[in-house]
Amino acid sequence: MSKGGPIAEKERLEWVDVVRGLAIFGIFMVNAPAFNAPFFLYGGGEEYFSSEMSGVIRAIIDIFFQASFYTLFALMFGFGLQMMRDRLVEKGVSYEPVLQRRMFFLFLFGVIHAFLIWHGDILLTYSILGMILLLFMKVKNRTLLRFAFGMLAAVTLPFTLLLYAARDFNAAMVNREAIQEAMTSYGNGALGEIWAQNLTDWWYTNSPGNWPFLIMSMLPMMLFGMYIARKRWLHEPENYRNEMRNWWVVTGILFFIFKVGPYFFGSPGWFDLAQDNIGGSASAVFYVLSITMLYRGSVRRAIRPLRWVGRMSLTNYILQSVVSFIAFYSVGFGFYGEVSPLQSTVFVLIVFFLQVVISGWWLKKHRYGPVEWLWRRGTYKTEI
């Protein structure tokens, strides 16, 4: 593994690493409750954890985290892929086989992660969407935006209207049989039973009927990331202050309307798709621009340690799942189904703090995280 100290600061965009670190934290905040109980998938969480504190924490996660950070990670994925393509072109290297190998090895990581550790894996999905992104590498900037906005509108507007029309028949469903199966498998099962339940839960969210929604919800954010990389807003933020400020205001307003607004009207279920697709996408862009603009101010010192987690984002993402697997499933400490939203939040804060410390220590000795190093070896077929 490459050693010799960290990469020179001038070779990296620190604030981009901070954004990635923030995304890893936000994803963990949403994943942990889904990892320690079946209610995120199958409903009924408010019945099991009915205290006022639990309700407040669920609302905070819903407003500030849910659908905001996997979309933010998708945006940074597209951003990073475009940057890699540009660097390869500058060096006179054919980028397509390199990026294809990169997606192939990400696919392998995803298969291991999804079926052996965590059914809520995003790596498998990103690797497939990444192959689709390669088709957009040569299109014009305007075309990127047209596809991104078009896909979001095509999936959000008609289905939100349909959900509104059927709102009287759309009572929240609680799949009690699936809840009991998950409780038994994850809470008391052997390793083989846990893996079998993992496959069941993965298929529940990744069946062929759900893929059009996944593609049309996540691919637009990757296209936005490519667009931002091409415009170099995050490369040279001081040169694009007006553009960034305008987008910050617009996305901030959409963030408030679609993520906070529903709580003034009882947070109706028929509005969930619009809340996630429009509010989540807007909040992701809002977070990116906020970090980039704040990084020039006094807040920089407080948020700068997040860059360590961001530089090792793939390692830290998988590590969170490994720690959760051990903490919650029966082959480990077996706390599945017994962790309240408050306890889950405390767990996330403790683990993530340790990840910041460990990542900082690791990067003093190595250029890359261990999984990042493997990924680069597979991508470039040599140690770089």
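Residues numbered from 1 in each chain as written. Predicted model: local features only at pLDDT ≥ 70, side-chain atom pairs only at ≥ 80, totals over all residues. Heavy atoms only, no water.

- Under an unreviewed UniProt entry, the chain has the name DUF418 domain-containing protein and belongs to Salimicrobium salexigens.

Comments concerning the overall build of the chain
Part 1: Of regular secondary structure, the chain possesses 18 helices and zero strands.
Part 2: Dimensions along the principal axes, computed over C-alpha positions, put the chain at roughly 55 × 45 × 45 Å.
Part 3: Taking the contacts inside the chain whose residues are at least 6 apart along the sequence as the reference set, 81% of them involve residues at least 24 apart.
Part 4: Of the roughly 18300 Å² that the chain leaves accessible, carbon and sulfur atoms contribute 65%. (Helix = DSSP H or I, 4+ residues; strand = E, 2+ residues; numbered from the N terminus. Contact = heavy atoms within 4.5 Å. Areas by Shrake-Rupley, 256 points an atom, 1.4 Å probe, with all protein chains shown as cover.)

Description of the packing of helix α5 (residues 69–90) against helix α11 (residues 211–231)
Part 1: Packing of α5 against α11 leaves a shortest axis separation of 7 Å and a crossing angle of 45°. With respect to their mutual orientation, α5 and α11 come out oblique. α5 and α11 meet at a crossing whose hand is right-handed. Across from Y70, T71, A74, L75, F77, G78, F79, Q82 and M83 in α5, the residues of α11 making contact are M218, M221, M222, F224, G225, M226, I228, A229 and R230.
Part 2: Among the residues making up the contact of α5 with α11, the classes are represented as 13 nonpolar, four polar and one charged. (Axes fitted to C-alpha atoms, helices over the stretch in contact; angles between N-to-C directions. Parallel < 35°, antiparallel > 145°, perpendicular 65-115°, else oblique. Left-handed = near helix turned anticlockwise from the far one by under 90°. Nonpolar A, V, L, I, M, F, W, Y, C, P; charged D, E, K, R; others polar.)

Observations concerning unusual backbone geometry
Part 1: Unusually for a residue other than glycine, R232 sits at a positive phi of about 65°.
Part 2: Phi angles above zero are rare outside glycine, and S267 is one such case at about 45°.
Part 3: With respect to the helices, strands and loops of the structure, S267 is situated in the loop between α12 (241–260) and α13 (272–294).
Part 4: A residue is classified by how much of its surface remains accessible, and S267, at 25% relative accessible area, is partly exposed. (Buried < 20%, exposed > 50% of the residue type's maximum accessible area, 1.4 Å probe, protein only.)

Observations regarding the UniProt feature "domain: DUF418" (unreviewed entry) in the chain
Part 1: When the UniProt feature table is mapped onto this chain numbering, "domain: DUF418" (unreviewed entry) sits at residues 229–381.
Part 2: Strand forms 0% of residues 229–381 and helix 69%; the C-alpha atoms that close the span are 26 Å apart. (UniProt positions renumbered as here; feature names shortened; annotations may be inferred.)

Thoughts on the side chain of T315
Part 1: Residue position: T315 is located in helix α16 (residues 313–328).
Part 2: Only 2.5 Å separates the side chain of T315 from the side chain of E372, close enough to count as a polar contact.
Part 3: With near-sequence residues (within four places) excluded, T315 lies in contact with G369, P370, V371 and E372. (Polar contact = N/O pair within 3.5 Å; in protein donor to acceptor, adjacent residues only side chain to side chain.)

Considering the pattern of salt bridges
Part 1: Under the criterion given, the structure shown has seven salt bridges.
Part 2: As a salt-bridge pair, E14 and R300 come within 3.8 Å of each other at their nearest N and O atoms. Taken as a pair, E14 in helix α1 (residues 14–36) and R300 in helix α14 (residues 300–303) lie far apart in primary sequence, 286 residues in all.
Part 3: Look at E14 and you get buried, because its relative accessible area is 7%.
Part 4: The partner of R176 in a salt bridge is E47, with the nearest N and O atoms 3.1 Å apart. Of this pair, R176 sits in helix α9 (residues 176–188) while E47 sits in helix α3 (residues 45–48), placing them 129 residues apart in sequence.
Part 5: On the basis of relative accessible area, E47 is assigned to the partly exposed category, the value being 42%.
Part 6: Connected via shared salt-bridge partners are E14, R300, R304 and R307. (Salt bridge = Lys/Arg side-chain N within 4 Å of Asp/Glu carboxyl O.)

Observations regarding the packing of aromatic side chains
Part 1: Counted according to the given criterion, the structure contains 37 aromatic pairs.
Part 2: Measuring from centroid to centroid gives 5.0 Å for F25 and F352, while their planes differ by 55°, and the two rings are tilted. With F25 in helix α1 and F352 in helix α17 (residues 341–363), this residue pair connects regions lying 327 residues apart in the sequence. With respect to burial, F25 and F352 carry one shared label: buried.
Part 3: Each member of the aromatic cluster is reached from another via a ring pair, and the members are F25, F64, F65, F69, W248, F255, F286, Y287 and F352.
Part 4: Seen from the ring of Y95, R85 lies directly overhead, with NZ or CZ sitting 4.9 Å from the centre. (Phe/Tyr/Trp six-rings, centres within 6.5 Å; stacked < 30°, edge-to-face > 60°. Lys NZ or Arg CZ within 6 Å of the ring centre and 35° of its normal.)

Observations regarding the nonpolar core
Part 1: Ranked by size, the top nonpolar core spans 104 residues in total, and within it L72, M76, F79, Y126, L223 and Y329 carry the most contacts.
Part 2: In terms of residues, this core owes the most to one element, α1, which gives 15 residues.
Part 3: Apart from the residues within four sequence positions on either side, L223 is in contact with L133, F136, L144, F147, A148 and M151. (Core = buried A, V, L, I, M, F, W, Y, C linked by side-chain atoms within 4.5 Å.)

Quick look at a nonpolar patch on the surface
Part 1: On the surface, a nonpolar cluster with roughly 1100 Å² of combined accessible area is contributed by M53, V56, I60, F64, L342, V346, I350, F353, L354, V357, I358 and W361.
Part 2: Among the secondary structure elements, those contributing two or more residues to the nonpolar patch are α4 (52–64) and α17.
Part 3: Top contributing element to the nonpolar patch by residue count: α17, with eight residues.
Part 4: Relative to the elements of secondary structure, I358 occurs in helix α17.
Part 5: Its relative accessible area of 45% is what places I358 among the partly exposed residues. (Patch = residues over 30% accessible without salt bridge, like charges linked within 9 Å, V, L, I, M, F, W, Y side chains within 5 Å.)

A short note on the packing of helix α6 (residues 95–116) against helix α18 (residues 370–380)
Part 1: Two elements in contact, α6 and α18, have axes whose closest approach is 8 Å; the angle formed by their N-to-C orientations is 140°. Considered as vectors, α6 and α18 are oriented oblique to each other. With respect to the hand of their crossing, α6 and α18 are arranged in right-handed fashion. Note on element contacts: α18 touches α6 through V371, L374, W375, G378, T379 and Y380, opposite V98, R101, R102, F105, L106 and F109.
Part 2: Its residues assigned to classes, the contact of α6 with α18 comprises eight nonpolar, two polar and two charged.

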